[in-house]
Amino acid sequence: MKWTHMSAVRLAAAVNNKEVTARELARAALEHIQAQNPALGAFLAVDEEAAIAQAAAVDACVARGENAGPLAGVPIGIKDNICTRGLPTTCASRMLQGFVPPYDATVVERLAAAGAVTVGKTNMDEFGMGSSGESSAFGPVRNPWDTNRVVGGSSGGSAAAVAVGLVPVALGSDTGGSVRCPAAFCGVVGLKPSYGAVSRFGLVAFASSLEQIGPMARTVEDAELLFRVICGRDVRDATSAEYVHKPVTVDIKGMKVGIPREYFGIKMGEAVRQSVEAALRQLEALGAELREVSLPSTPHALAAYYAISSAEAASNLARYDGIRMGDAALAGNTPDEARAQARSAGFGPEVQRRILLGNFVLSSGRYERYYMRAKQMQAQITREYIQVFETCDILTTPTVSATAFPLEQGKRPVEAYTADVCTMPASLAHLPALSLPCGLDGDGLPVDLQLIGPRFGEGTLLAAGRAYEAAVGGFAHVEVGP
Amino acid sequence: METGIDLDELRHIAVLSGLKIEEEQLAQMAEDMAAIVLMMENLPDVEKVESTPMQPMILRRDEVAPSIPRDALLENAPRTRQGYFVAPGATD
């Protein structure tokens, strides 16, 4: 039985019903990873012993006649910027090479309590900074649909792992599109929760006022299950909200679906346009009421995002000094020298660029002109979304304006940044956004549709996603290897 | 509006950032940054709007609770001595 192609919901039921053991599932996942990971680079670290031990604990629980949890025995990948006790957490950076956290992130604790089995840490763009999956210090992640193409970022490893079925579900993190973009390039489901819905305790900080940990899966049901397990108030994260997720049944018939004209006026691949428009027609056929709306400040989201996120990144990454963690071989005559040496050797070029940019926009004489104006634009964008949601239940847009491009295309930074133009605005406005497969282009590469909901409106968003998925008969999956 | 990044300013920002940018990379870094800064320069002024408040941060109660043991916290450091991180001296 091909357990590696089953959903997390199905696998957990199978373990709780004693159709299969958690150890069998863990071994199947580990074998699959061993076979496929060299070609994909999806995983940076795999701990076989710990995974089997965790699975054994789940099996012991089932043997005692207890329910082992809604994720019983489900193998899961964790993005490598989420702390896992005893398992390296490098953020795909030389700066954190060899760093082993002494604690688990809250989301990891909650997954374990639900019976999930962590099999390994997934590759990513360094410190979450990148949209292609090419900025890892330990090699790029390759797209399983075409291994000469990018996987998207920054949660590329998690997206690739789920797309191929190395694991049925994985965690990513999303600051400006880092769950949704790789979900789109890999044809999987990705959810960026509302800011505050999921604890950030144990998520290595990049842009603290924007980022959220989110689930990636091959079905909406699995993404929703993972979200339900990880979301909710955490006393260790003061920004986490009193949020409890209950799946809702919402009739898509009569649902008011807004189509923001600014998202469809951008330069877009023809296959993306056609796939997204077909998806809109599908929603309409299900009884949704489509209506054009306007979010006039959308074109300014990119600039506002990079000012704010880079400023926060510069502050957050100031802690890396080569003294409390780092390479003993690096030395300097003074603390400043040692710090500069460690940071210059430890951070890749994209990270260094963002740190410089962040400190530039925060510097004296620049702060009011760039950072404060960006914050005002963020407030404006947020207000426009709030107004639109007075007359719409959800919004639909493409997730990314193009399909996965070739590796090593050598884009200049500002060109690369435009990949996230459809995902950034929802991040700035702290809204939930769901990326769903909606088609393939002429080269067989996936296209995703993005649904955006009001803050803490994940119930409606996921209900719409489930309805769409059911209407199209499920999502196409990539088959890799024997 | 001037949006080029002055190289002397970039060298200063690099020092503040704790980064050593090699001279031969400075010009390219400045050019890459200038393109992004130009986007920010073109942000329109918006009328100051009432920010929609995010939910207030909920601080936990100020109660003593177990923390991570010191030895565990020191384990990732490249150099330690007698329970402290070792760093280059700031004075002779």
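Residues numbered from 1 in each chain as written. Chains lettered and ligands numbered in written order. Predicted model: local features only at pLDDT ≥ 70, side-chain atom pairs only at ≥ 80, totals over all residues. Heavy atoms only, no water.

### Here we look at the overall build of chain B
Link 1 in the chain: A tally of helices and strands in chain B yields 3 helices and 2 strands.
Link 2 in the chain: Scanning chain B from its N terminus toward the C terminus, one meets helices and strands in the order α-α-α-β-β.
Link 3 in the chain: Sorting the 92 residues of chain B into buried and exposed places 29% on the buried side.
Link 4 in the chain: When contacts within chain B are restricted to residue pairs at least 6 apart in sequence, those whose partners lie at least 24 apart make up 31%. (Helix = DSSP H or I, 4+ residues; strand = E, 2+ residues; numbered from the N terminus. Buried < 20%, exposed > 50% of the residue type's maximum accessible area, 1.4 Å probe, protein only. Contact = heavy atoms within 4.5 Å.)

### Topic: the sheet that holds strand β3 (residues 117-122) of chain A
Residue and element names in this part refer to chain A.
Link 1 in the chain: Taken together, 11 strands build an open sheet; the order of strands is β1-β3-β2-β6-β8-β7-β12-β13-β11-β9-β10 and the sheet is mixed. Both outer strands of the open sheet, β1 (43-46) and β10 (289-293), are each paired with one neighbouring strand and no more. Between one strand axis and the next, the sheet turns by 30° as a mean value, whatever way the strands run.
Link 2 in the chain: Sheet topology note: the strand β11 (residues 394-398)/strand β13 (residues 446-452) ladder contains 4 bridges and is antiparallel. Each residue of the ladder has a partner; that of T396, found in β13, is L451.
Link 3 in the chain: Lying over the sheet, helix α3 (residues 48-63) contacts β1 and β3, oriented at roughly 155° with respect to β3.
Link 4 in the chain: Its contacts with the sheet put helix α9 (residues 270-285) on β9 (256-260), β10, β11, β12 (433-440) and β13, and the angle it makes with β13 is roughly 50°. (Pairing = 2+ DSSP bridges. Axes fitted to C-alpha atoms, helices over the stretch in contact; angles between N-to-C directions.)

### Concerning the interface of chain B and chain A
Link 1 in the chain: With 50 residues of chain B at the contact, the number on the chain A side is 69 residues.
Link 2 in the chain: When chain B packs against chain A, the two sides together hide about 4,900 Å² of surface, and 66% of this comes from carbon and sulfur.
Link 3 in the chain: Three residues, B:M40, B:L43 and B:N76, lead the burial of chain B against chain A; their summed loss comes to 14% of the area buried on that side.
Link 4 in the chain: Scanning the region where chain B abuts chain A turns up 4 salt bridges.
Link 5 in the chain: A salt bridge links B:E9 to A:R366, with the nearest nitrogen and oxygen atoms 2.7 Å apart.
Link 6 in the chain: Elements supplying a minimum of two residues to the side of chain B that touches chain A: α1 (7-16), α2 (23-41) and α3 (70-74) of chain B.
Link 7 in the chain: For the side of chain B that touches chain A, the element with the highest residue contribution is α2(B), accounting for 10 residues. (Buried area = accessible area lost by both parts, 1.4 Å probe. Salt bridge = Lys/Arg side-chain N within 4 Å of Asp/Glu carboxyl O.)

### Quick look at helix α7 (residues 220-230) of chain A
All names here are of chain A.
Link 1 in the chain: Along α7, 9 of the 11 residues are buried, which leaves the element largely enclosed by surrounding structure.
Link 2 in the chain: Every buried residue of α7 is listed here: V220, D222, A223, E224, L225, L226, F227, V229 and I230.
Link 3 in the chain: The first or second residue beyond α7 is G232, which carries a positive phi of 115°.

### Re the packing of aromatic side chains
Link 1 in the chain: Counted according to the given criterion, the structure contains 11 aromatic pairs over all chains.
Link 2 in the chain: Measuring from ring centre to ring centre gives 5.7 Å for A:F227 and A:Y243, while their planes differ by 50°; the resulting arrangement is tilted. Of this pair, A:F227 sits in helix α7 while A:Y243 is found in the loop between α7 and β9, placing the two residues 16 residues apart along the sequence.
Link 3 in the chain: On the accessibility criterion, A:F227 (0% relative accessible area) is buried.
Link 4 in the chain: For the ring pair A:Y305 and A:Y306, a centre distance of 5.0 Å and an interplane angle of 90° mean the geometry is edge-to-face. Of the two residues, A:Y305 and A:Y306, neither departs from the other in class, the shared state being buried.
Link 5 in the chain: Through a chain of ring-to-ring contacts, the aromatic side chains of A:F127, A:Y320 and A:F347 assemble into a single cluster.
Link 6 in the chain: The ring of B:Y84 has B:R70 lying over it, and the distance from NZ or CZ to the ring centre is 5.6 Å. (Phe/Tyr/Trp six-rings, centres within 6.5 Å; stacked < 30°, edge-to-face > 60°. Lys NZ or Arg CZ within 6 Å of the ring centre and 35° of its normal.)

### Here we look at helix α5 (residues 156-164) of chain A
Residues and elements named next belong to chain A.
Link 1 in the chain: With 9 of 9 residues buried, α5 is to be regarded as a mostly interior element.
Link 2 in the chain: For α5, every residue scored as buried is listed here: G156, G157, S158, A159, A160, A161, V162, A163 and V164.
Link 3 in the chain: Positive phi appears at G165, one or two residues downstream of α5, with a value of about 85°.

### Overview of the environment of B:D8
All names here are of chain B.
Link 1 in the chain: Turning to its location among the elements, D8 is positioned in helix α1.
Link 2 in the chain: Look at D8 and you get exposed, because its relative accessible area is 54%.
Link 3 in the chain: For the pair D8 and L26, spaced 18 residues apart in sequence, the C-alpha to C-alpha distance is 9.8 Å.
Link 4 in the chain: Within the structure, the side chain of D8 is placed 2.6 Å from the side chain of R11, a separation counted as a polar contact. (Polar contact = N/O pair within 3.5 Å; in protein donor to acceptor, adjacent residues only side chain to side chain.)

### Topic: the confidence of the model for chain B
Link 1 in the chain: Taken residue by residue, chain B gives an average pLDDT of 86. The fraction at 70 or more is 88%.
Link 2 in the chain: The complex model carries a pTM of 0.96, and its ipTM stands at 0.92. (pLDDT = per-residue confidence, 0-100.)

### A few points about unusual backbone geometry
Residue and element names in this part refer to chain A.
Link 1 in the chain: Cis geometry is found at the peptide bond from G153 to S154, where omega equals 10°.
Link 2 in the chain: Turning to its location among the elements, S154 is positioned in the loop between β5 (146-150) and α5.
Link 3 in the chain: Phi angles above zero are rare outside glycine, and C91 is one such case at about 55°.
Link 4 in the chain: The topology assignment puts C91 in the loop between β2 (75-79) and α4 (106-113).
Link 5 in the chain: Although it is not a glycine, F127 adopts a positive phi angle of roughly 55°.
Link 6 in the chain: Position of F127 among the secondary structure elements: in the loop between β3 and β4 (142-143).
Link 7 in the chain: The class of F127 is buried, set by a relative accessible area of 3%.

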